[in-house]
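# Fold and contact review
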Amino acid sequence: MNYEIIINSIASIGVILSVIFLAYQIKKNTQASRANYYDSLNKTNMEFLRQLVENRELGELLEKATSNWDNLNEDDKRTSNYLFIQLFRHWENMLYQHKLSVLDKQLWSNHLNTMIGYFHHDGTQEWWLKRKMAFAKDFRDFLEKTEKPKQIYPTIKDLTIENK
């Protein structure tokens, strides 16, 4: 019997098994990376919302800014500007992750509805015209190419009025 053929066959099988194991490990690593991103995304969302819940005036201010930016006083514009920047940076990151296929399509779709709804409010548009150059071109182009929804994403004030 030719031992060289047997040894080469065993070595080949070892290489094949190593490649299969490596592919499995890469798949698991990808899943873990996505899970970490989803967790990070959720924490970012919760942190943004937490500050609005804990500070009632901040939440009300964001609602006002979303409805009519130009009517805010200087201090309110300053604070609202920082809130909008924080929110839009978060959305910019989400778009980037979506383009890399890291963000699950259903999760992206849900966040996209919120993003587009808030983007097309009058006050948000007033702010955007003054601040959009602070964001990446592909993000700007993406947002500006979206159509205004037939039913605009309601603010809390809108929801309160609807229930009366």
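Residues numbered from 1 in each chain as written. Predicted model: local features only at pLDDT ≥ 70, side-chain atom pairs only at ≥ 80, totals over all residues. Heavy atoms only, no water.

The next point concerns the overall build of the chain. Looking only at helices and strands, one finds seven helices and zero strands in the chain. Its helices and strands in sequence order give the chain the pattern α-α-α-α-α-α-α, from N to C terminus. For 164 residues, the compact-globule estimate of 2.2 N^0.38 gives 15 Å, and the C-alpha radius of gyration of the chain, at 24 Å, exceeds that figure by more than 25%. Taken over the C-alpha atoms alone, the chain extends approximately 90 × 30 × 30 Å along its principal axes. When contacts within the chain are restricted to residue pairs at least 6 apart in sequence, those whose partners lie at least 24 apart make up 70%. Carbon and sulfur atoms make up 56% of the accessible area of the chain, which totals about 11,500 Å². Where the 22 positive side-chain charges of the chain centre and where its 21 negative ones centre are 3 Å apart. (Helix = DSSP H or I, 4+ residues; strand = E, 2+ residues; numbered from the N terminus. Rg over C-alpha atoms; globule rule 2.2 N^0.38 Å. Contact = heavy atoms within 4.5 Å. Areas by Shrake-Rupley, 256 points an atom, 1.4 Å probe, with all protein chains shown as cover. Lys, Arg positive; Asp, Glu negative; His and termini not counted. Charge placed at Lys NZ, Arg CZ, Asp CG, Glu CD.)

Moving on, we come to helix H3 (residues 74-99). A turn of α-helix holds 3.6 residues, and therefore any two residues three or four places apart point the same way. For H3, spanning 26 residues, the distance from its first C-alpha to its last is 37 Å, which sits close to the expected 38 Å at 1.5 Å a residue. Looking at H3, one finds that the buried residues are Ser-80, Asn-81, Leu-83, Phe-84, Leu-87, Phe-88, His-90, Trp-91, Glu-92, Met-94, Leu-95 and Gln-97. Those residues of H3 hidden inside the fold are in contact with helix H1 (3-54), helix H2 (56-67), helix H4 (105-119), helix H5 (122-131) and helix H6 (137-145). At the N-terminal end of H3, a side-chain oxygen is found 3.1 Å from the backbone nitrogen of Asp-75, two or three residues along, and the residue is Asn-73. Of the residues trailing H3, Ser-101 is marked for its positive phi of about 65°. (Expected span 1.5 Å × (residues − 1). Buried < 20%, exposed > 50% of the residue type's maximum accessible area, 1.4 Å probe, protein only. Polar contact = N/O pair within 3.5 Å; in protein donor to acceptor, adjacent residues only side chain to side chain.)

Applying the stated criterion to the full structure yields 11 salt bridges. Here Asp-138 ties to Lys-99 by a salt bridge, and the two come within 3.0 Å at their closest N and O atoms. Here Lys-99 lies in helix H3 and Asp-138 lies in helix H6, a separation of 39 residues in the sequence. In this structure, Asp-141 engages Lys-137 in a salt bridge whose closest nitrogen and oxygen atoms are separated by 2.8 Å. Highlighted residues: Asp-141 and Lys-137, both in helix H6, separated by four residues, approximately one helical turn. What makes Asp-141 partly exposed here is its relative accessible area of 25%. Here the salt bridges share partners, and the residues they tie into one network are Glu-47, Arg-50 and Glu-54. (Salt bridge = Lys/Arg side-chain N within 4 Å of Asp/Glu carboxyl O.)

This brings us to the packing of aromatic side chains. Taken as a whole and judged by the stated rule, the model has 16 aromatic pairs. Look at Phe-88 and Phe-119: their rings are 6.4 Å apart centre to centre, the planes differ by 55°, and that puts the pair in the tilted class. You can see Phe-88 sitting in helix H3 and its partner Phe-119 sitting in helix H4, a full 31 residues away along the chain. Residues Phe-88 and Phe-119 agree in their burial class; the two are buried. Where Phe-88 meets Phe-139, the ring centres are 6.4 Å apart and the plane angle is 80°; that geometry is what we call edge-to-face. Taken together, the residues span a long stretch of sequence, with Phe-88 in helix H3 and Phe-139 in helix H6 at a distance of 51 residues. This pair shows no difference in class: Phe-88 is buried, exactly as Phe-139 is. (Phe/Tyr/Trp six-rings, centres within 6.5 Å; stacked < 30°, edge-to-face > 60°.)

Of all hydrophobic cores here, the largest spans 28 residues; its most connected members are Phe-88, Trp-128, Phe-139 and Leu-143. Listing elements by their share of this core, those giving two or more residues are H1, H2, H3, H4, H5 and H6. For this core, the element with the most residues is H3, which contributes seven residues. Residues in contact with Leu-143, not counting those within four places in the same chain, are Phe-88, Met-115, Ile-116, Phe-119, His-120 and Trp-128. (Core = buried A, V, L, I, M, F, W, Y, C linked by side-chain atoms within 4.5 Å.)

No statement about biological role is implied by the geometric values presented.
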